[in-house]
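Here is how the chains run, residue by residue.
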Amino acid sequence: EVQLVESGGGLVQPGGSLRLSCAASGFTFSSYAMSWVRQAPGKGLEWVSAINSGGNNTTYVDSVKGRFTISRDNAKNTMYLQMNSLKPEDTGVYYCAAGNAVPEIQKDVPARYDYWGQGTQVTVSS
């Protein structure tokens, strides 16, 4: 059974940090590019960051550049998102997704990925 399980979300004050994890099982994790996609309350999905299968190429949405760092450990079948200097607008449910060759303009479309997690809630509030 294929699973992507996110963890590490929670309530944090503005300026704080969180580290999200995405544990993968049931497929060859090291063969897939991975992404983080979030959904703010009452809004649509927004692609946040991606990392290639080897872990040596990363991309970010402009709003998180310099604050978030994506990484992966293929030996542990796990992807991470280190989130620093968090802002209230970072609040939302964060999903991890696995998929290769996802079109640039469809990075926020779940159907374009092979696998999708259940999400973890991140709330940034004082």
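As the structure is a computational prediction, the values presented were derived from the model and not from experiment.

(A) Looking closely at the side chain of Thr 91. Tracing the backbone through its elements, the reader meets Thr 91 in the loop between β8 (78-83) and β9 (92-98). Its relative accessible area of 15% is what places Thr 91 among the buried residues. Of the polar contacts made by the side chain of Thr 91, one reaches the backbone oxygen of Pro 88; its length is 2.9 Å. There is a polar contact of 2.9 Å between the side chain of Thr 91 and the backbone nitrogen of Val 124. Among all residues touching Thr 91, those that are not within four sequence positions of it are Ala 40, Pro 41, Gln 121, Val 122, Thr 123 and Val 124.

(B) A look at the sheet that holds β8. If you trace the four strands from one edge of the open sheet to the other, you get β1-β3-β8-β7, paired in antiparallel fashion. Whereas interior strands pair on both sides, the edge strands pair on one side only; in this sheet they are β1 (3-7) and β7 (68-73). Between one strand and the next, the sheet's axes are offset by a mean angle of 15°, whatever the strand orientation.

(C) Looking closely at the side chain of Ser 49. Examined against the element boundaries, Ser 49 turns out to sit in strand β5 (residues 45-51). Aside from chain neighbours lying at most four places away, what touches Ser 49 is Met 34, Ser 35, Trp 36, Thr 59, Tyr 60, Ile 70 and Leu 81.

(D) Layout of the state of the cysteines. Considering all chains together, one arrives at one disulfide under this definition. Each disulfide pairs two cysteine sulfurs, and for Cys 22 the partner residue is Cys 96, the sulfurs being separated by 2.1 Å. Between Cys 22 and Cys 96, the S-S torsion sits near 60°, and that sign places the bridge as right-handed. Of this pair, Cys 22 sits in strand β3 (residues 18-25) while Cys 96 sits in strand β9, and the two are 74 residues apart along the sequence. You can call Cys 22 buried: its relative accessible area is 0%. With a relative accessible area of 0%, Cys 96 lands in the buried category.

(E) Expanded view of unusual backbone geometry. Non-glycine residue Asn 77 carries a positive phi angle of around 55°. Mapped onto the elements of the fold, Asn 77 is located in the loop between β7 and β8. Since its relative accessible area comes to 29%, Asn 77 is described here as partly exposed. Of note in this structure, Ala 101 is not a glycine but carries a positive phi near 60°. Within the secondary structure layout, Ala 101 lies in the loop between β9 and β10 (115-116).

Basis of the calculations
Residues numbered from 1 in each chain as written. Predicted model: local features only at pLDDT ≥ 70, side-chain atom pairs only at ≥ 80, totals over all residues. Heavy atoms only, no water. Helix = DSSP H or I, 4+ residues; strand = E, 2+ residues; numbered from the N terminus. Buried < 20%, exposed > 50% of the residue type's maximum accessible area, 1.4 Å probe, protein only. Polar contact = N/O pair within 3.5 Å; in protein donor to acceptor, adjacent residues only side chain to side chain. Contact = heavy atoms within 4.5 Å. Pairing = 2+ DSSP bridges. Axes fitted to C-alpha atoms, helices over the stretch in contact; angles between N-to-C directions. Disulfide = S-S within 2.5 Å.

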